[in-house]
Amino acid sequence: MKTRAKTPGWIGFDHSQMFNLVIMQEDVCQRLLERILGIQIEKLEFENVEHEIDPSIEGRGVRLDAYAKGEGKAFNIEMQAQTEYYLGCRLRYYQSVIDSDLLRKGDDYEDLPRSYIIFLCVHDSFGYGLPVYTIEPRCLENHDCALDTRCTWIVLNGSAWVKEDDEKLRSLLQYIEDGTVTEGDDLVAQIDRLVVAANDDDKVMSEMISVSTVEANAERRVRQAEKFYSEVGFKQGYEAGEEQGLEQGIEQGIEQGKKEEAARISALINRLLADGREQDILLLGDQEALERLLKEYSL
C-alpha cells in the first residue's frame, strides 16, 4: 500500500473540483460505477461533468458532479468531502429533479428508467458506522411489498472502509478516506495518477480553487451545522437552568441573556468546520468535551 502525505496546497480526490476533473475520464467513470454497483456496463453515454438541471423558472436547480446514461439506466455520482447534515433531503430533491429530466412530456410513468444516485462521502453522514448505505423506498407495514420505483440511493462512507468485506470496494473507500493506493488496484492507481498529474500542473491548480466558492460553502456548512445540532438536541440549552429540549433551551437561554454563550458555540462550530474537524462537533453534547474544545480554541 502507498499512502500519500497531505502536504500544504495538495488537492485530493475528495475535493469536488478534483473529483470532477478525474471523473471526466469516461473509462474512470464507467469503472467506478461498475465497482460500486457490482454490474457490467457495456455502453455508457456520458452526459457531462457538472450537468445542470433547472426544473422550473422558480425551482432550485441542481448541478450534478457526474451524470451518465446507459442501457436504460441513469447514473449520478457525487463527491461529499464535508459532512452533509441533511443528505436525505438532498437525495430526495436530486431524485425529483433527475426524474423530471428523464421523463418527457407525453411519456408514461413506466417509461422512467432505473436510476442510481451515488454519494462518495469521506465521513459518515448517517452515523451508523456502515461502509455502504443502500437506500430504496419500502412499505413499513410489510417489507415484502416491493415498490417498483426503479430508484436506488447509495451512500459510501470512507471512514468505515475497514468494515467493508468486498476487497475492491474497501480499497476504493480507503482511498477516498485517506488517499491510500492499495497494491494491485488498477482503478485506484489510475485515479491517483490523474490526481498527481493535476497537482503537478500549475495551470490546472490555479483554476481549481475559487476563493468565493470556498467561502460560500463554508458559510453554508456553518448554517447547516448550527441548524442540525439545534434540531437534534446538542448544545444542551446553554445552561438554561432546566433539563429541556435544546430548541426550548436556546430560546430560554437567549431570553435570560445567554447570547454570549450562543456566540461561543457558533464560533466553535465555525472553527471546527474550517479545520475539517466535523467529527468533533458530535462531541458537543458532552459538557466536558465542549469545555475542552472551547478552551482549545480560546473561546
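Residues numbered from 1 in each chain as written. Predicted model: local features only at pLDDT ≥ 70, side-chain atom pairs only at ≥ 80, totals over all residues. Heavy atoms only, no water.

A. Just the packing of aromatic side chains, in detail. The full count for this structure, using the stated rule, is 5 aromatic pairs. Measuring from centroid to centroid gives 5.9 Å for Phe13 and Tyr175, while their planes differ by 40 degrees, and the two rings are tilted. Taken together, the residues Phe13 in the loop between β1 (2-3) and α1 (16-23) and Tyr175 in helix α4 (residues 167-178) connect sequence positions 162 residues apart. Ring centres of Tyr94 and Phe119 lie 6.0 Å apart, and the angle between their planes is 45 degrees; on these two criteria the pair is classed as tilted. Here the residue Tyr94 occupies a position in helix α3 (residues 87-102), and Phe119 occupies one in strand β5 (residues 114-121), the gap between them amounting to 25 residues. One exposure class covers both Tyr94 and Phe119, and it is buried. Members of the aromatic cluster, connected to one another through ring pairs, are Phe13, Phe19 and Tyr175. (Phe/Tyr/Trp six-rings, centres within 6.5 Å; stacked < 30°, edge-to-face > 60°. Helix = DSSP H or I, 4+ residues; strand = E, 2+ residues; numbered from the N terminus. Buried < 20%, exposed > 50% of the residue type's maximum accessible area, 1.4 Å probe, protein only.)

B. The arrangement of the side chain of Glu78 in detail. Position of Glu78 relative to the elements: it lies in strand β4 (residues 73-80). Of the side chains bearing the opposite charge, Arg90 lies closest to the buried Glu78, which forms no salt bridge; the N-O distance is 4.1 Å. Side chain to side chain, Glu78 and Asn76 meet in a polar contact 2.7 Å long. (Lys, Arg positive; Asp, Glu negative; His and termini not counted. Salt bridge = Lys/Arg side-chain N within 4 Å of Asp/Glu carboxyl O. Polar contact = N/O pair within 3.5 Å; in protein donor to acceptor, adjacent residues only side chain to side chain.)

C. Inspection of a negative patch on the surface at higher detail. Together, Asp107, Asp108, Glu110 and Asp111 line one region of the surface with negative charge. With respect to the helices and strands, Glu110 occurs in the loop between α3 and β5. (Patch = residues over 30% accessible without salt bridge, like charges linked within 9 Å, V, L, I, M, F, W, Y side chains within 5 Å. Areas by Shrake-Rupley, 256 points an atom, 1.4 Å probe, with all protein chains shown as cover. Charge placed at Lys NZ, Arg CZ, Asp CG, Glu CD.)

D. Examining the environment of Glu136 more closely. Mapping Glu136 onto the fold places it in the loop between β6 (132-135) and β7 (151-157). Apart from the residues lying within four places of it in its own chain, the contact partners of Glu136 are Arg114, Cys151 and Thr152. Reaching out from Glu136, the side chain makes a polar contact with the side chain of Thr152 at a distance of 2.6 Å. (Contact = heavy atoms within 4.5 Å.)

E. The arrangement of the pattern of salt bridges in detail. On inspection of all chains with the given rule, the structure shows 3 salt bridges. Put simply, Arg35 and Asp185 hold a salt bridge, and the shortest N to O gap is 2.7 Å. A residue pair is termed long-range when its members are at least 10 positions apart, and Arg35 in helix α2 (residues 26-37) and Asp185 in the loop between β8 (180-181) and α5 (186-199) qualify at 150 residues. What makes Arg35 buried here is its relative accessible area of 17%. Look at Asp185 and you get buried, because its relative accessible area is 3%. Salt-bridge contacts for Asp148 lead to Arg150; the nearest nitrogen and oxygen are separated by 3.5 Å.

F. Spotlight on α4. Helix length check: α4 (12 residues) gives 16 Å between terminal C-alpha atoms against 16 Å at 1.5 Å per residue, within 8%. Regarding α4, the residues found buried are Leu169, Ser171, Leu172, Leu173, Gln174, Tyr175 and Ile176. In this structure, the buried residues of α4 make contact with α2, β5, β6, β7, β8 and α5. Of the residues that open α4, the one with a side-chain oxygen 3.2 Å from the backbone nitrogen of Lys168 is Asp166. Downstream of α4 by one or two residues, Gly179 has phi in the positive range, about 80 degrees. (Expected span 1.5 Å × (residues − 1).)

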